[in-house]
Amino acid sequence: MRRLRDRIGVDLDPANFEPPDEDPAGWRPAPTGFNHEVTADGVRHFVNGYGDDDPLYCDPGYAAGTPWRGLIAPPTFVWSMYLPPRDDDITYGGGDEPPRRLKPEIREQFRGDPLRGTGALQSRLEYEFYRPLRAGDQLFAKRSLLAVDEKESGWGGRAVHVTWGLVTWNQRRELVHLQRGTWVKTERREVRNGAAGGRKRVQPPADPYTAEQLAEIDAAYAAEERRGAEVRHWEDVEVGEELPGKVKGPLRLTDVILWHAGFGQAFPTYAFRLAYEKRKQTPGLYTPNEYNVPDIVQRMHWDAEWARKVGAAERYDYGALRETWLCQLVTDWAGDASWITSLEAEHRRFNYVGDTTWLRGKVVGKTREGGLPRVQLSVWCENQRGEVTSPATATVALPTRGGGDLAMPAPPADDPLDLLRLEIDRLKSTGA
């Protein structure tokens, strides 16, 4: 815990870094992630991968006729354009300037994972979206540790809540989004007979579906609504109104594969020789599978036996997938002439392969934040048992009648690293 906490803010202090180690004249920006540039194909693959075909994202001709005047990516597309760096290869900045690496004595402080061997579950994600990504954009990012807190886990023994901040910007140095993510790292405990180590009972997997249940799901798919080009004005929104619901599921392993086809390698999953090289570089990311072959620890999303070994009863989805579904719920209700300015989601239950997720929401507030028209929403994911798996809140910007262009949010700082420094100070002051 102390080793981890000692890292907070260190990678945001320029005094801890060497001068650039490359000739600026011959240096070129180095984007990371599955997608290095926003393209029509990349956006369409991402959108199709979570079960959507919104022409705002999938049809450049249609998008040109919207208030955006061209193709944009959905807010969470940022996931497909970023890969976290190795702990021992931290640079000052985010890839759009010659790299400055940590001084040797500081680099030692970041060597190895102090919590190596623990399982990690995404618990809470908070997004602030400042502007959309457009065709041709590149994305640069800086990830930094914001907070570390130890708590007791209900089913996995001791738990450490690790909060990371991620800020991104485009090639014009315009801030794109800020993300605060909390991952719960727990002692790994294999599930046996529905319990983990004799502690809290683990959430059971789905039961087989009846023909009537599947017909209900099909009917919900057939009834889906998308507002699209019909403008929803701020004045016309009523507090208490419900958003048209959506369904996602039953979740199949096929759906997880298709999500990866668009989402990409936002977690370090590689094939054959590339996997060999990654294993040499970061051996802690691999454990032997049933054939004694080193395999990625992330495989709990598609390997049932490994999912049970790390404390779940079945393979399960990604938190980012549910966050993306919730963004779709909001955008389909709000229409093309809208922008999600923030989303805060908690993941309280697994969404296993076999589970069905119902997306629901309602309007809980209308404000003019700094004179800017905003609508506050309560949105959530609910499984086939009626249990809320992911409660969330969202704020969406809507146009006003006669009010001109959509009022976009302004970030609290212009410099990406200043934004992360502000976050560290804010979490310290609130004790979060």
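Residues numbered from 1 in each chain as written. Predicted model: local features only at pLDDT ≥ 70, side-chain atom pairs only at ≥ 80, totals over all residues. Heavy atoms only, no water.

**With respect to the overall build of the protein**
For the protein, the helix and strand inventory stands at eleven helices and 13 strands. A globule of 432 residues ought to have a C-alpha radius of gyration of about 22 Å, and the protein, at 22 Å, matches this closely. A principal-axis box enclosing the C-alpha atoms of the protein has dimensions of 60 × 60 × 45 Å. Within the protein, the proportion of its 432 residues that are buried is 50%. For the protein, contacts bridging at least 24 residues in sequence account for 73% of all contacts bridging at least 6. Carbon and sulfur atoms make up 50% of the accessible area of the protein, which amounts to about 19,700 Å² in all. Here the protein holds 58 positive side-chain charges and 65 negative ones, and the gap between their average locations is 5 Å. (Helix = DSSP H or I, 4+ residues; strand = E, 2+ residues; numbered from the N terminus. Rg over C-alpha atoms; globule rule 2.2 N^0.38 Å. Buried < 20%, exposed > 50% of the residue type's maximum accessible area, 1.4 Å probe, protein only. Contact = heavy atoms within 4.5 Å. Areas by Shrake-Rupley, 256 points an atom, 1.4 Å probe, with all protein chains shown as cover. Lys, Arg positive; Asp, Glu negative; His and termini not counted. Charge placed at Lys NZ, Arg CZ, Asp CG, Glu CD.)

**Brief notes about the packing of helix α2 (residues 40-49) against helix α7 (residues 253-263)**
Between α2 and α7, whose axes approach to 7 Å, the crossing angle comes to 160°. As far as their axial angle goes, α7 and α2 are roughly antiparallel. For the pair α2 and α7, the crossing hand works out as left-handed. On α7, the residues that touch H45, F46 and G49 of α2 are D255, L258, W259, G262 and F263. (Axes fitted to C-alpha atoms, helices over the stretch in contact; angles between N-to-C directions. Parallel < 35°, antiparallel > 145°, perpendicular 65-115°, else oblique. Left-handed = near helix turned anticlockwise from the far one by under 90°.)

**A short note on helix α10 (residues 319-334)**
The first and last C-alpha atoms of α10 sit 23 Å apart over 16 residues, in line with the 22 Å expected at 1.5 Å per residue. Within α10, 16 of the 16 residues are buried, which leaves it mostly tucked inside the rest of the structure. Looking at the residues trailing α10, positive phi occurs at G335, about 95°. (Expected span 1.5 Å × (residues − 1).)

**Observations regarding α2**
Taken together, the buried positions of α2 are G42, V43, F46, V47 and G49. Taken end-on, α2 shows its buried residues confined to a sector of 160°, consistent with a single buried face. Elements in contact with the buried residues of α2: α3 (55-58), α7 and α10. At the C-terminal side of α2, G51 shows a positive phi close to 85°. (Arc of directions from axis to C-beta.)

**Some remarks on the nonpolar core**
Core analysis: the largest hydrophobic core is formed by 54 residues, its most contacted members being L133, W333, V375 and L377. The dominant element in this core, judged by the number of residues it contributes, is α10, at nine residues. Residue contacts for W333: discarding those within four places in its chain leaves R227, R232, V237, E241, L243, P244, V363, V375, L377, V396 and L398. Core analysis: the second largest hydrophobic core is formed by 22 residues, V10, F17, L102 and L419 among them. (Core = buried A, V, L, I, M, F, W, Y, C linked by side-chain atoms within 4.5 Å.)

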